[in-house]
Amino acid sequence: MFYLDDIGRYFLMLKGVFSRMTKGSVLRNLILKEIDDLIIGSLGITVFLAFFIGAVVAIQTALNLNNPLIPKQLIAFASRQSVILEFAPTFISVIMAGKVGSFITSSIGTMRVTEQIDALEVMGINSLNYLVFPKIIAMLMYPFVIAIAMFVGIFGGYIAGVYGGFVSSSEFISGLQEDFIPFHLVYAFIKTFLYSFLLATIPSFHGYYMKGGALEVGKASTSAFVWTTVVIIIANYVLTQLLLS
Amino acid sequence: MIEVKDIHKAFNGEEILKGITTTFERGKTNLIIGTSGSGKTVFLKCMLGLFTPETGSICYDGATYSDLNEEQQRDLREQMGMVFQGSALFDSMTVEENVMFPLMMFTKQKKDEMLARVNEVLNRVNLENANGKLPSEISGGMQKRVAIARAIVTRPKYLFCDEPNSGLDPRTAIVIDNLIKEITEENDITTIINTHDMNSVMEIGEKIIFLRYGHLEWEGDKSQIFQTDNEAVTEFVYSSNLFKKVRDAQLKGL
């Protein structure tokens, strides 16, 4: 019953987010600020993670290819498939649930604790729209982050594979082009769009409806991370079943 | 003028406000006093529209809040200014941006017009040269002044203050109290202040209501509060050592 109550409140929150819009000029500035905080601020860690994930996938694949009959191109093929299908969209999103999610929950939660949300409401402002809507719009840029992660992940695989002596440059590039199915990219970006919405709204929900003081802000951030991750993993399963089966 | 009629408010079955009826007059500083947990903040938040009372009505210059539609309620809220206990300034914004915020949201003024008004109110609260500072870079007293400036920048008809001088030193507290009183008189607005500070009562209390366990226990002005024979009020007033000593000195004829 407790979870049902929370799910109901989450959808009521979404209704509130998309009603009584904030003044356009104010909203524009808020969206730009959120893009800076949530998207630009995530690029560094995303690039770092994607590079090393791609590199590790390439090394692991190479080390497990003991049969001389299996072509070396498979290292690139496996790296590409792993990075595009799962590591970039899902693994990076789980990391973002920690980075972006806890930032969103703690910033909104602190506003709740310090009565800043009450101040917005007293002024007659729809605080849900003011606080959450710009985050949802900013997170529409998130697929670009994942696109960069895909590129850098594959590049990491190339560096580790070629300079680690596991595969030649031409074999790696040839493997990258092998059996490429464009729909896999579509599938990855459909997932990413859904994750971006979840990354913006679930942490906002936990921050907006939190009660208590500074300790509860910390608890809400942890809870937001856990629930965002859980929902991302479930959504990943459902979408994979629907789109690839 | 704000007329409150038989307000009841409960949380999780526990009744916090138990039928409060009173009137707050325009151009006067109206004080709500009472011990912690007496329902002062809940009462204030009901008047602000942040909480919806279960029964009763709140009437703002003839307009009953619960009878208004959503848009009219929003319009009414735009006529309210609020100074929160912890100031509630937006910490990512500078002092200037904080004060300009209501203007940006609700007016179509050009930026230089808004800046002129912001500087006018910042001067009014004696806060010059702080425009570019963040709330974390100024003192508690200055934060309260910024909160007052933000509350009055749109020329509201109603000003609500929740313990505006809590956490301030006595001298700054008096300055803030006097500032609120002056602004109330200058702009002829209805000001309601939530406090448990007896110094504020003595300084600016033109109308005082005393809440106890969610009831309106007593109402009067600052001259009457020392003459009342209401035990709860007397106990509250003389819980301050200073006032107790003054009373003892008066009784001894000193």
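Residues numbered from 1 in each chain as written. Chains lettered and ligands numbered in written order. Predicted model: local features only at pLDDT ≥ 70, side-chain atom pairs only at ≥ 80, totals over all residues.

**Details of the overall build of chain A**
For clarity, the cut-off: The secondary structure listing takes helices from DSSP runs of H or I that are at least 4 residues long and strands from runs of E that are at least 2 residues long, numbered from the N terminus. Residues are called buried when their C-beta atom has 20 or more other C-beta atoms within 10 Å, exposed when it has 12 or fewer, and partly exposed otherwise; all C-beta atoms are positioned from the backbone. Contacts are defined on C-beta atoms placed from the backbone: any two residues whose C-beta positions lie within 7 Å are in contact.
The secondary structure content of chain A amounts to 9 helices and 0 strands. Its helices and strands in sequence order give chain A the pattern α-α-α-α-α-α-α-α-α, from N to C terminus. Seen through its C-alpha atoms, chain A measures out along the principal axes to roughly 70 × 40 × 35 Å. Per-residue burial over chain A gives 42% buried out of 245 residues. Long-range contacts, defined as pairs at least 24 residues apart, comprise 88% of the intrachain contacts of chain A with a sequence gap of at least 6.

**Regarding the interface of chain A and chain B**
Note the threshold: Charged residues are taken to be Asp, Glu, Lys and Arg, nonpolar residues to be Ala, Val, Leu, Ile, Met, Phe, Trp, Tyr, Cys and Pro, and polar residues to be all remaining types, Gly included.
Each partner contributes to the interface: chain A provides 12 residues, whereas chain B provides 14 residues. Here the side of chain A that touches chain B is built from residues that sort into 5 nonpolar, 3 polar and 4 charged.

**Observations concerning the environment of Ser82(A)**
Residue and element names in this part refer to chain A. By secondary structure assignment, the location of Ser82 is in helix H3 (residues 73-113). The exposure class of Ser82 is buried, given the 22 C-beta atoms found within 10 Å. Residues Ser82 and Ile154, 72 residues apart in the sequence, show an inter-C-alpha distance of 9.4 Å. Residues in contact with Ser82, not counting those within four places in the same chain, are Val57 and Phe87.

**Let's talk about unusual backbone geometry**
All names here are of chain B. Although it is not a glycine, Asn12 sits at a positive phi angle of roughly 50°. With respect to the helices and strands, the residue Asn12 is situated in the loop between strand E1 (2-11) and strand E2 (14-24). Residue Asn12 is classed as exposed on the basis of its C-beta count, with 4 C-beta atoms lying within 10 Å. For Asp188, which is not glycine, the phi torsion reads 50° and is therefore positive. Considering the arrangement of structural elements, one finds Asp188 in the loop between helix H6 (170-187) and strand E8 (190-195).

**Describing H3(A)**
The test is simple: By this rule, a helix spans an expected 1.5 Å times one less than how many residues it contains.
Spanning 41 residues, H3(A) covers 56 Å between terminal C-alpha atoms, matching the ideal 60 Å at 1.5 Å per step. Phi turns positive, to about 65°, at Glu115(A), one or two residues after H3(A).

**Observations concerning the nonpolar core**
Applicable threshold: Here, a nonpolar core means buried Ala, Val, Leu, Ile, Met, Phe, Trp, Tyr and Cys residues linked by C-beta atoms lying within 7 Å of one another.
Counting residues in hydrophobic clusters, the biggest one holds 127 residues, and the most contacted among them are Ala88(A), Leu199(A), Phe43(B), Met82(B), Val99(B), Ala149(B) and Phe160(B). Sorting elements by how many residues they give to this core places H3(A) first, with 15 residues. Non-local contacts of Met82(B), meaning those with residues more than four positions away in its chain, are made with Ala119(A), Val122(A), Leu48(B), Ala151(B) and Phe160(B).

**Concerning the packing of helix H8 (residues 182-208) of chain A against helix H9 (residues 214-244) of chain A**
Residue and element names in this part refer to chain A. Quick note on the threshold: Here an axis means a line fitted to C-alpha atoms, over the contact stretch when the element is a helix, while the angle between two N-to-C directions is reported on a 0 to 180 degree scale. Small angles under 35 degrees read as roughly parallel and large ones over 145 as roughly antiparallel, with 65 to 115 read as roughly perpendicular and the rest as oblique. Should the near helix be turned anticlockwise from the far one by less than a right angle, the crossing is left-handed, and should it be turned clockwise, the crossing is right-handed.
Close contact between H8 and H9 brings their axes to 9 Å; oriented N to C, the two are set at 155°. By the angle between their axes, H8 is roughly antiparallel relative to H9. Our pair here, H8 against H9, has a crossing hand that is right-handed. Of the residues in H9, those in contact with Tyr187, Ile190, Lys191, Leu194, Tyr195, Leu198, Leu199, Ile202, Pro203, His206 and Gly207 of H8 are Ala220, Ser223, Ala224, Trp227, Thr228, Val231, Ile232, Ala235, Asn236, Leu239, Leu243 and Leu244. Broken down by class, the residue content of the contact of H8 with H9 amounts to 17 nonpolar, 5 polar and 1 charged.

**Describing the confidence of the model for chain B**
Low pLDDT means the predicted coordinates in that region are not meant to be read closely. Cut-off, in case you're wondering: Confidence of the predictor at the level of single residues is given by pLDDT, which spans 0 to 100.
The pLDDT averaged across chain B works out to 86; a share of 98% of its residues lies at or above 70. Two summary scores accompany this predicted model of the complex, namely pTM at 0.85 and ipTM at 0.81.

**Comments concerning the environment of Val246(B)**
Residues and elements named next belong to chain B. When you line up the elements, Val246 lands in helix H9 (residues 241-251). A tally of 14 C-beta atoms within 10 Å means that Val246 is categorised as partly exposed. For the pair Val246 and Leu89, spaced 157 residues apart in sequence, the C-alpha to C-alpha distance is 38 Å.

**Focus on the sheet that holds strand E10 (residues 215-220) of chain B**
All names here are of chain B. Counted only if it meets this: Pairing between two strands requires that DSSP report at least two bridges joining them.
Reading across the sheet, the 6 strands line up as E6-E7-E8-E3-E9-E10 and stay open at both edges, with mixed pairing between neighbours. The open sheet is flanked by strand E6 (80-83) and E10, the only strands paired with a single partner. Going from strand to strand, the sheet's axes swing by 20° on average, the running direction of each strand aside. Pairing analysis gives 5 bridges linking strand E7 (residues 158-162) to E8, with the strands arranged parallel.

**Focus: the sheet that holds strand E4 (residues 55-60) of chain B**
Residues and elements named next belong to chain B. Strand order in the open sheet made by the 4 strands is E2-E1-E4-E5, with antiparallel pairing throughout. Strands with a single pairing partner mark the edges of an open sheet, and in this sheet they are E2 and strand E5 (63-64). Pairing of E1 with E2, which is carried by 8 bridges, proceeds in the antiparallel orientation. Bridging from a neighbouring strand, His8 pairs with Lys18 of E2.

**Some points on the packing of helix H6 (residues 142-163) of chain A against H8(A)**
Residue and element names in this part refer to chain A. Taken N-terminus to C-terminus, the directions of H6 and H8 make an angle of 130°; their axes are 9 Å apart at the nearest point. It follows that H6 is oblique to H8 by the angle criterion. Where H6 crosses over H8, the handedness of that crossing is right-handed. Residues Tyr142, Pro143 and Ile146 of H6 form the contact with H8, whose participating residues are Phe189, Thr192, Phe193, Ser196 and Leu199. In terms of residue class, the contact of H6 with H8 is made up of 6 nonpolar, 2 polar and no charged.

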